[in-house]
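Chain residues, written in single-letter form:
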Amino acid sequence: MHSYFSRCNSIRVDSGYWVLYEKPNYMGYQYILNRGEYPDYQRWMGYNDCIRSCRMIPHYRGNYRMRIYERADFGGQMIEFMDDCPNVYDRFHYRDIYSCNMMEGYWIFYEHPNYRGRQYFLRPGEYRRYTDWGGMSPTIGSFRRMMDFY
């Protein structure tokens with residue numbers, strides 16, 4: 001998107017859900033936005049006004065299921081979830097998630113409890129290390145299902 005503009009000062013989403021990325025090729029900080037107006041980057045919880053790539057989140061109507069692991073490559077303790085989790089430590093007893101298997105549905109990981117901090121959009125698939133979902137560290141405080149509210 002850099003060829004179109006160098007800074008992004010506001011956004012209007014007319015329909016659907018979108019993932020915006022700070023860097024080209026779907027890299028860097030991620031911001032998940034739904035329908036609405038965002039007059040400045042703080043409104044979309046942005047760390048700066050730099051948006052270099054984006055993609056629409058496909059519609060999904062189905063079940064949600066994932067497994068998280070305390071170690072890379074699906075090692076250590078595992079727990080399966082089918083619903084939102086506002087505080088990972090309360091349910092998993094670990095602060096870090098090193099790998100996960102998103103079996104059904106789209107999910108959002110948040111850096112801090114109660115759906116705050118950096119966001120990570122995860123599609124169905126295997127994530128052997130936190131860097132596979134774009135994480136800067138394995139610390140995940142909460143997560144929720146990407147529900148289809150169209």
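Scroll up a little and you will see the structure.
In what follows, the accompanying structure is described. (Residues numbered from 1 in each chain as written. Predicted model: local features only at pLDDT ≥ 70, side-chain atom pairs only at ≥ 80, totals over all residues. Heavy atoms only, no water.)

A count of helical and extended segments in the protein gives one helix and twelve strands. In the protein, the order of α-helices and β-strands from amino to carboxyl end is β-β-β-β-β-β-β-α-β-β-β-β-β. In the protein, which comprises 150 residues, the share counted as buried stands at 41%. In the protein, once contacts between residues fewer than 6 apart in sequence are set aside, the share between residues at least 24 apart is 67%. Summed over all atoms, the accessible surface of the protein reaches about 8,400 Å², with 46% contributed by carbon and sulfur. (Helix = DSSP H or I, 4+ residues; strand = E, 2+ residues; numbered from the N terminus. Buried < 20%, exposed > 50% of the residue type's maximum accessible area, 1.4 Å probe, protein only. Contact = heavy atoms within 4.5 Å. Areas by Shrake-Rupley, 256 points an atom, 1.4 Å probe, with all protein chains shown as cover.)

Turning to the side chain of Asn101, a few remarks are in order. Tracing the backbone through its elements, the reader meets Asn101 in strand 8 (residues 99-104). By relative accessible area, which is 17% here, Asn101 ends up buried. If near-sequence neighbours (up to four positions away) are discounted, Asn101 is found in contact with Arg65, Met66, Arg67, Tyr69, Phe74, Gly125 and Glu126.

Our next topic: the sheet that holds strand 8. Read from one edge of the open sheet, four strands run 7-6-8-11, paired in antiparallel fashion. With partners counted over all chains shown, the strands left at the sheet margins are strand 7 (75-81) and strand 11 (125-127), one partner each. Across the sheet, the mean angle separating the axes of adjacent strands is 15 degrees when strand polarity is ignored. As paired elements, strand 6 (residues 65-71) and strand 7 share five bridges and run antiparallel to each other. Opposite Tyr69, over in strand 7, you have Met78 as the bridge partner. (Pairing = 2+ DSSP bridges. Axes fitted to C-alpha atoms, helices over the stretch in contact; angles between N-to-C directions.)

As a further point, take the nonpolar core. Counting residues in each nonpolar core, the largest one holds 18 residues, and the members touching the most others are Ile68, Phe109, Trp133 and Phe143. Residue assignment for this core shows that the elements contributing at least two residues are strand 6, helix 1 (88-92), strand 8, strand 9 (107-112) and strand 10 (116-122). Filtering out sequence-adjacent residues up to four positions away, Ile68 remains in contact with Gln77, Met78, Ile79, Phe81, Phe92, Ile97, Ser99, Cys100, Phe109 and Phe143. Of all hydrophobic cores here, the second largest spans eleven residues; its members include Ile32, Ile57, Tyr106 and Ile108. (Core = buried A, V, L, I, M, F, W, Y, C linked by side-chain atoms within 4.5 Å.)

Even without a glycine there, the phi angle at Phe74 is positive, about 60 degrees. Of note, Phe74 is situated in the loop between strand 6 and strand 7. Unlike most non-glycine residues, His93 shows phi in positive territory, near 65 degrees. Within the secondary structure, His93 sits in the loop between helix 1 and strand 8. The class of His93 is exposed, set by a relative accessible area of 53%.

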